[in-house]
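In case you want the letters, here they are:
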Amino acid sequence: MPQQFANVDDVVEALRPSYPVYCLRPQTLRRQVQRFDAGFPGTVLYAVKCNPHPLVLDALYAAGITHFDTASLPEIAAVAERYGDATCYFMHPVKSRAAIQAAYGIYGVRHYVVDHPVELAKLLDETPARDLVIVVRIKTPSDPHTVFDLSTKFGCDIETAVTLLETIDKAGCRSGLAFHVGSQCGAPAAFATALDLVAQAMRRSARAPSLIDVGGGFPASYVGAEVPALEAYLHEIRDALARLAPPPETAVLAEPGRVLVADACSLLVQIQLRKEQSLYLNDGIFGSLSEMALSSLRMPMRLIRRGATPATDMQAFTLYGPTCDSLDVLPGRFDLPADAREGDWIEIGQLGAYSNALATRFNGFFPETFVTLTA
Ligand SMILES: Cc1ncc(COP(=O)(O)O)c(C=O)c1O
């Protein structure tokens, strides 16, 4: 059982941690799932890669999530072995033959994604029966409002999609169409544009897919990068689906990651040393904070000091991580109380997504402590 506290200040008081601590708020997570469910006209698959921690998965499962977008055999195993009634979808467009065999044979996975004829041939080769739903992933146009464009790596054009749909049909499998507008997508209209591509593929192949999967990409509202509310994205999707008018038997799916978990977890780090205007922290870009280095995303920070109030005047600091690598520094400067000092803690908010999931063991540092908060 994880340790449970009312709030972050209680965590500091009880643990006085010199190691990073993830503070998970299951109630925030549940509320996000409810928000998504309320506006999305289909099945919600959680994108496990975003945060695969067992406590996060348990909180999502308790909130009603039983379908999972899994990218690898270890993710499939983690979900399937934890929840007997879970359905895993193998949504990575490039899979090893061994992973396909085990996903199909051991874990009963029947949904797979492809974006290339050679991957489709591999999938058909490695599966003994034609009881599959094979989902074709379409490339989406790059959008200046999207932080991480995923279509530079995956997704095919409409012509290839039509060929793939025909081959899937001829092989005796059911088909689907999917896309991913990119992670932290700032423009709800990107979903309408992508669903328009789905409509084109449906028209040109003259086939109704078994499912349409709108992927992930729903953003969190980070500091200085406000984005439209989740409801605006879901509204756009409902409108675009109404125009597309798929047959009633076509299932609609989404694979959100970030928007479900980003706000549900903060990270408590400690200042190990102050050198003038530089603070050396116990977590950094090789640990929980790599998204801050890979993008311009900024998370909120709050200084916490036991038994005394920090100064009210603020100062800009450079924040270094714990490894010996000089790359281990957060880009830019961060406003914190001017008297920030060794032993103080900083709560960094909105770190539920792509934080622990991306952490390395570089220099022996590995952030792995999770506690849950009731407030
Ligand atoms: C195939 C797929 N689905 C879903 C997601 C989750 O995306 P997000 O966290 O932006 O919602 C990703 C993220 O990389 C992905 O690659």
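Residues numbered from 1 in each chain as written. Predicted model: local features only at pLDDT ≥ 70, side-chain atom pairs only at ≥ 80, totals over all residues. Heavy atoms only, no water.

Next up on the list: the side chain of Arg 137. For Arg 137, the position within the fold is in strand 7 (residues 133-137). The buried charged residue Arg 137 lacks any salt bridge partner; its closest oppositely charged side chain belongs to Asp 115, at an N-O distance of 6.0 Å. Ignoring sequence-local partners within four residues, the contact set of Arg 137 consists of Pro 93, Val 113, Val 114, Asp 115, Leu 150, Phe 154, Gly 155, Cys 156, Ala 178, Phe 179 and His 180. (Helix = DSSP H or I, 4+ residues; strand = E, 2+ residues; numbered from the N terminus. Buried < 20%, exposed > 50% of the residue type's maximum accessible area, 1.4 Å probe, protein only. Lys, Arg positive; Asp, Glu negative; His and termini not counted. Salt bridge = Lys/Arg side-chain N within 4 Å of Asp/Glu carboxyl O. Contact = heavy atoms within 4.5 Å.)

Take the pattern of salt bridges next. For the structure on display, the rule yields 17 salt bridges. A salt bridge links Arg 110 to Asp 131, with the shortest nitrogen-to-oxygen separation between them at 3.0 Å. In this pair, Arg 110 is assigned in the loop between helix 5 (97-105) and strand 6 (111-114) and Asp 131 in the loop between helix 6 (117-126) and strand 7, connecting sequence segments 21 residues apart. In this structure, a network of salt bridges that share partners links the residues Asp 9, Arg 25, Arg 302 and Glu 347.

For the ligand, the set of nearby residues contains 15 residues, the closest of which are Ser 183, Gly 217, Glu 255, Arg 258 and Tyr 354. Interatomic distance of 3.0 Å between a side-chain N/O atom of Asp 69 and a nitrogen atom of the ligand. One nitrogen or oxygen atom from the main chain of Arg 258 is found 2.9 Å from an oxygen atom belonging to the ligand. Protein burial of the ligand: of its 400 Å² of free accessible surface, 91% is covered by the chains. (Near = heavy atom within 4 Å. Polar contact = N/O pair within 3.5 Å; in protein donor to acceptor, adjacent residues only side chain to side chain. Areas by Shrake-Rupley, 256 points an atom, 1.4 Å probe, with all protein chains shown as cover.)

Moving on, we come to the domain arrangement of the chain. For the chain, the assigned domains read domain 1 (3-22 + 262-373) and domain 2 (26-260). Interface area for domain 1 against domain 2, summed over the two sides, is near 1,700 Å², with a carbon-plus-sulfur share of 64%. Among the residues domain 1 hides against domain 2, the three largest losses belong to Leu 297, Tyr 354 and Phe 370. Together they make up 29% of the total. Summed over the shared surface of domain 1 and domain 2, the number is one salt bridge. Between Arg 258 and Glu 291 there is a salt bridge, with the nearest N and O atoms lying 2.8 Å from each other. (Domains from an automatic or database assignment. Buried area = accessible area lost by both parts, 1.4 Å probe.)

Let's shift gears to the side chain of Glu 255. Tracing the chain through its elements places Glu 255 in the loop between strand 12 (251-254) and helix 10 (258-261). Although Glu 255 is buried, it forms no salt bridge, and the closest oppositely charged side chain is Lys 49 at an N-O distance of 5.5 Å. Leaving out residues up to four positions away in the same chain, Glu 255 has contacts with Leu 45, Ala 47, Asp 69, Met 91, Asp 213, Gly 215 and Gly 216.

Within helix 6, the full set of buried residues consists of Glu 119, Leu 120, Lys 122, Leu 123, Leu 124 and Glu 126. The inward-facing, buried residues of helix 6 contact helix 5, strand 6, strand 7 and helix 7 (158-170).

The subject of this paragraph is the pairing of strand 5 (residues 87-90). Side-chain direction in a regular strand flips from residue to residue, so the side chains alternate between the two faces of the sheet. Of the pairings in the sheet, the one linking strand 4 (residues 67-70) to strand 5 comprises four bridges and is parallel in character. By the bridge assignment for strand 5, Asp 69 is matched with Tyr 89. In this view, the connection linking strand 4 to its parallel neighbour strand 5 by way of helix 4 (residues 73-80) has right-handed handedness. Pairing geometry for strand 5 and strand 6, over two bridges, is parallel. Residue Phe 90 lies in a different strand from strand 6, and its bridge partner there is Tyr 112. Following the chain from strand 5 across helix 5 to the adjacent parallel strand 6, one finds a crossover that is right-handed. (Pairing = 2+ DSSP bridges. Right-handed = clockwise from strand over helix to strand, strands pointing away.)

Take the packing of helix 5 against helix 6 next. Packing of helix 5 against helix 6 leaves a shortest axis separation of 9 Å and a crossing angle of 45 degrees. Judged on the interaxial angle alone, helix 6 and helix 5 are oblique. As helix 5 packs across helix 6, the resulting crossing turns out to be right-handed. Residues Arg 97, Ile 100 and Gln 101 of helix 5 form the contact with helix 6, whose participating residues are Lys 122, Leu 123, Asp 125 and Glu 126. A breakdown of the residues in the contact of helix 5 with helix 6 according to their chemical character gives two nonpolar, one polar and four charged. (Axes fitted to C-alpha atoms, helices over the stretch in contact; angles between N-to-C directions. Parallel < 35°, antiparallel > 145°, perpendicular 65-115°, else oblique. Left-handed = near helix turned anticlockwise from the far one by under 90°. Nonpolar A, V, L, I, M, F, W, Y, C, P; charged D, E, K, R; others polar.)

The subject of this paragraph is the packing of helix 2 (residues 26-39) against helix 3 (residues 54-62). Running from N to C, helix 2 and helix 3 cross one another at 50 degrees; their axes reach a closest spacing of 9 Å. Comparing their axes, helix 3 and helix 2 come out oblique. At the point where helix 2 passes helix 3, the crossing takes the right-handed sense. Two secondary-structure elements touch here, helix 2 through Pro 26, Leu 29, Arg 30 and Val 33 and helix 3 through Val 56, Ala 59, Leu 60 and Ala 62. The class makeup of the residues in the contact of helix 2 with helix 3 is seven nonpolar, no polar and one charged.

Let's shift gears to the sheet that holds strand 5. An order of 3-4-5-6-7-9-11-12 is seen for the eight strands of this closed barrel, with the pairing classed as parallel. Between one strand and the next, the sheet's axes are offset by a mean angle of 25 degrees, whatever the strand orientation. In the sheet, strand 3 (residues 43-47) pairs with strand 4 via three bridges, with the strands oriented parallel. Looking at strand 4, one finds that Leu 45 is bridged to His 67.

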